[in-house]
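# Chains, contacts and geometry: an overview
So you can see what is in the structure, the chains are spelled out below.
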Amino acid sequence: VTPLLERRLLFVTGKGGVGKTTIAAGLALLASQHGKRTLVGEVDSKGNLSDYFEVPPTSFEPREIGPNLFAMSMHTEESLKEYLRLQLKVPLVARIGPLARTFDFVANAAPGVKEVLTVGKFLWEVRERHYDLVVVDAAATGHVVAQLAAPQGIQELVKVGLVRDQTGWMLDILGDEAQTGVVIVAAPEEMPVNETLELTERIRTETNVDLAAIIVNRVLPELFGRGEEEVFERLRTPDGVAALEAAVGGPVGAVLDAAELAVTLRRTRAGHLARLREGLPPGTNLLYVPELFTRHHGMRATQLVATSLGEELGY
Amino acid sequence: VAPAKSSARAGSIEQLLAAKEIVIHCGSGGVGKTTTAAAAAAEAAIHLGGKVLVLTVDPAKRLANALGLEQFGNIETRVPNAAFAAAGVEPRGELWAAMLDTKQSWDDLVQRHAPDAATRDAILANPLYQNLMGRFVQSHDYIAMERLYEIHSSGTYDLIVVDTPPTRNAIDFLEAPARMADFFSSRFLRWLTVPARSRVLNFASKPFYTVADRILGSQFLEDIAEFFLLFQSMYDGFVDRAKAVTRVLEDRRTTFVVVSTLESAPVREAEFFIRELQARKLHLGAVVLNKVLPDYLLDRKATTSAKRMVADAPVIAEALDTSFGESAQIERVLREVGESFLNFQVVAKREAETKGELAGAPEVVATVPYFDSDIYDLEGLIRLGDKIWR
């Protein structure tokens, strides 16, 4: 199995709210810090990937945002223009006018066209070897299969024409696990675990892309070691609280309540984590990123995520 | 911003649920929209009476089971009184639940609008139809609003509480009816269907056609054209319907509840959504802040104690009776407990700051604490509902 950062293209997906962009940014930062020329791209033009690196908003044209690190955002209309120019060799005059104006309708009417332009752009960057690694902050779990399966879908629906001709090399790169992989970001909560399990199955059956890893975000650390929980329980009794308050010289009720909350949250999350592990096919690559208790997302949080991913990946 | 409206603004979620007929929950994915909608509906059924329906899109399996939603399909199911009795309450009204089945709803729509049986069968059998309705993301948004209209205009329920589909953009479903109408009346579709009708390309569409043909191949274009030609026979019905759906969204009896956690991305989306509602003159009923960490994490005296427990762990442990445990063990526990408090406090402070920023909106703001376990039964829903009720 090709190690995660040795691949050339990673699609990072996950249920909304689990930290998909944080992980995509962290992976890209980690790779760039280990000497890989890395492109990180977001598919949602309204996204906020740039906030995670504290840089101005990204655009379709990749921009260098740090040593070895480039960022871009997908814009399907721009992608179409580039695609027509570079791959289909359609003359400029035909690209303007009705085609541009009605592009949105074409993309909506013909299922997969928008998706193929999105995925195709990143695949093209891989094919041209402009970067060592391309990390895509891809669509959320509900929509990512449509993106990954688009070249296949186009090949089935569109029998002739230039678009069809272009799907061959796309499928070659997508299906090569030495080059391409999907990373699902999960959180140890009910719905994210459900969606991760469902998506794992859909990726296997509906796409030809390899599931490279599942990254569980926001794992709470175990608060107590062996025998310590009993100590904690004794301290939480009325006698314990009184003795502790005397020793500390101030109120401790809230502090103990917070610890109790942390313990229960961890227990609930551990249950979901166990369900995730049991539901996954044997040998699935599982990585963990701890709850970081940071302020906002930004370069600080991205660096912390990169560091903990680095530890998980053995860097 | 709109002072004239402020007198009519609801003072509580209870008042809102009592006064409105449609309450639409929106917000970004993962914030607890479905659970909040179900909890609000349960509370309304318990306290207000009448027939209350919660229309959900994609509930967690255990929550679906709790609501008696064991099967997919557009079937409205009544939550049995026994379930309420088990949770220790006697509802004044009835709670009904339904799940949204996109595929089934589209088929129903085709059934209704198709001019004849032959057209209907041709559409339902068309591979492009299957593909389009399954993958066309906006089709979910549209169908959710369409179903809402259908149920509301049937006059069966006093109150309908809706959970919106997870969209990339929370605003998408608001625009879905208008966009669907645009789509079917677009110039592009007329272009596309011209050759299928006349086999003679008109001049205006020619350059587009030449390129489109080279890119997609004429067979595929013809497939699309045929499909839309069939669909056009239903055009009037569709557009009228889309307009009616839009009217319901704008009706005074409809209100929107924005649900968010206090994490930055959902909050940004909530703020965006609030602005959009205002721009469209749609009624913002309430903001529900979910999974908020408890206030005691901000307590100053507790903070001092927590810091002492970390810094002076050996001294404090020494002062405690050995009946609590070995000194070394107590020391570790004190440090862990203190650190944990301070860690969670960082997040609690960030949340308090964000909440302050969001509270600029004068509408009802309900805060729901971080429940230490998942909500998967009626009892849990009622526990949650009680928090937002007043």
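See the structure above.
All of the points below concern the structure found in this document. (Residues numbered from 1 in each chain as written. Chains lettered and ligands numbered in written order. Predicted model: local features only at pLDDT ≥ 70, side-chain atom pairs only at ≥ 80, totals over all residues. Heavy atoms only, no water.)

## Some remarks on the overall build of chain B
On a plain count of helices and strands, chain B comes out with 19 helices and eight strands. Out of the 390 residues in chain B, the part that is buried amounts to 54%. Per element, the accessible surface of chain B, about 16,700 Å² overall, is 50% carbon and sulfur. (Helix = DSSP H or I, 4+ residues; strand = E, 2+ residues; numbered from the N terminus. Buried < 20%, exposed > 50% of the residue type's maximum accessible area, 1.4 Å probe, protein only. Areas by Shrake-Rupley, 256 points an atom, 1.4 Å probe, with all protein chains shown as cover.)

## A short note on the side chain of Glu195 of chain A
By secondary structure assignment, the location of Glu195 of chain A is in helix 10 (residues 190–206). Among the polar contacts listed, one links the side chain of Glu195 of chain A to the side chain of Thr141 of chain A, at a separation of 2.5 Å. Sequence-distant contacts of Glu195 of chain A, that is, excluding residues within four places in its chain, are made with Lys15 and Thr141 of chain A together with Asp58 of chain B. (Polar contact = N/O pair within 3.5 Å; in protein donor to acceptor, adjacent residues only side chain to side chain. Contact = heavy atoms within 4.5 Å.)

## Some details on the pattern of salt bridges
Inspection of every chain in the model, using the stated rule, returns 29 salt bridges over all chains. Residues Arg127 of chain A and Glu128 of chain A are paired through a salt bridge, measuring 3.5 Å at the closest nitrogen-oxygen approach. The class of Glu128 of chain A is partly exposed, set by a relative accessible area of 34%. Note that Arg335 of chain B and Glu331 of chain B form a salt bridge whose closest N and O atoms lie 3.3 Å from each other. (Salt bridge = Lys/Arg side-chain N within 4 Å of Asp/Glu carboxyl O.)

## Comments concerning the side chain of Thr207 of chain A
Residues and elements named next belong to chain A. Residue position: Thr207 is located in the loop between helix 10 and strand 7 (211–219). In terms of polar contacts, Thr207 uses its side chain to reach the backbone carbonyl oxygen of Ile203, at 2.8 Å. Reaching out from Thr207, the side chain makes a polar contact with the backbone nitrogen of Val209 at a distance of 3.2 Å. Non-local contacts of Thr207, meaning those with residues more than four positions away in its chain, are made with Val145, Leu148, Ala149 and Arg202.

## Things to note about the sheet that holds strand 2 (residues 38–42) of chain A
Hydrogen bonds between backbone groups are what pair the strands of a sheet, and the pairing can be parallel or antiparallel. All names here are of chain A. Taking strand neighbours across the sheet as the criterion, the eight strands line up as 3-4-2-5-1-6-7-8 in an open arrangement whose pairing is mixed. This sheet does not close on itself; its edge strands, each paired only once, are strand 3 (63–66) and strand 8 (286–290). In this sheet, adjacent strand axes meet at a mean angle of 25 degrees when their direction is disregarded. With five bridges joining them, strand 6 (residues 180–186) and strand 7 adopt parallel strand pairing. (Pairing = 2+ DSSP bridges. Axes fitted to C-alpha atoms, helices over the stretch in contact; angles between N-to-C directions.)

## Concerning the pairing of strand 2 (residues 51–56) of chain B
Across a regular strand the side chains alternate sides, sitting on one face of the sheet and then on the other. Residue and element names in this part refer to chain B. Most of strand 2 sits out of view: five of its six residues are buried. Across six bridges, the pairing between strand 2 and strand 4 (residues 94–99) is parallel. Among the inter-strand pairings, Val54 is bridged to a residue of strand 4, identified as Ala97. Across four bridges, the pairing between strand 2 and strand 5 (residues 159–163) is parallel. Within the sheet, the bridge partner assigned to Val54 lies in strand 5 and is Val161.

## Observations concerning the packing of aromatic side chains
Counted according to the given criterion, the structure contains four aromatic pairs over all chains. On the numbers, 5.1 Å between centres and 65 degrees between planes, the contact of Phe293 of chain A with Phe344 of chain B is edge-to-face. Here Phe293 of chain A, found in the loop between strand 8 and helix 14 (299–313), pairs with Phe344 of chain B, found in helix 18 (residues 327–358), and the two come from separate chains. Residue classification places Phe293 of chain A among the buried residues on the basis of a relative accessible area of 14%. For Phe344 of chain B, a relative accessible area of 7% gives the class buried. Relative to Tyr157 of chain B, the ring of Trp96 of chain B has its centre 6.3 Å away and its plane inclined at 70 degrees; by these criteria the two rings are edge-to-face. In this pair, Trp96 of chain B sits in strand 4 while Tyr157 of chain B sits in the loop between helix 9 (137–154) and strand 5, placing the two residues 61 residues apart along the sequence. (Phe/Tyr/Trp six-rings, centres within 6.5 Å; stacked < 30°, edge-to-face > 60°.)

## Brief notes about unusual backbone geometry
All names here are of chain A. A positive phi is found at Glu54, a non-glycine position, where the angle reads about 55 degrees. Locating Glu54 in the fold gives a position in the loop between strand 2 and strand 3. Here Arg129, not a glycine, exhibits a phi torsion of approximately 55 degrees, which is positive. Relative to the helices and strands, Arg129 resides in the loop between helix 6 (113–127) and strand 5 (133–137). With a relative accessible area of 54%, Arg129 lands in the exposed category.

## Considerations on the pairing of strand 1 (residues 22–26) of chain B
Residue and element names in this part refer to chain B. With five of five residues buried, strand 1 is to be regarded as a mostly interior element. As paired elements, strand 1 and strand 6 (residues 254–260) share five bridges and run parallel to each other. In the strand pairing of strand 6, Ile24 is matched with Phe256.

## Some points on the environment of Val55 of chain A
Residue and element names in this part refer to chain A. Along the polypeptide, Val55 turns up in the loop between strand 2 and strand 3. Sequence-wise, Val55 and Lys20 are 35 residues apart; in three dimensions their C-alpha atoms are separated by 19 Å. Those residues in contact with Val55 that sit more than four places away from it in its chain are Ser50, Arg63 and Ile65.

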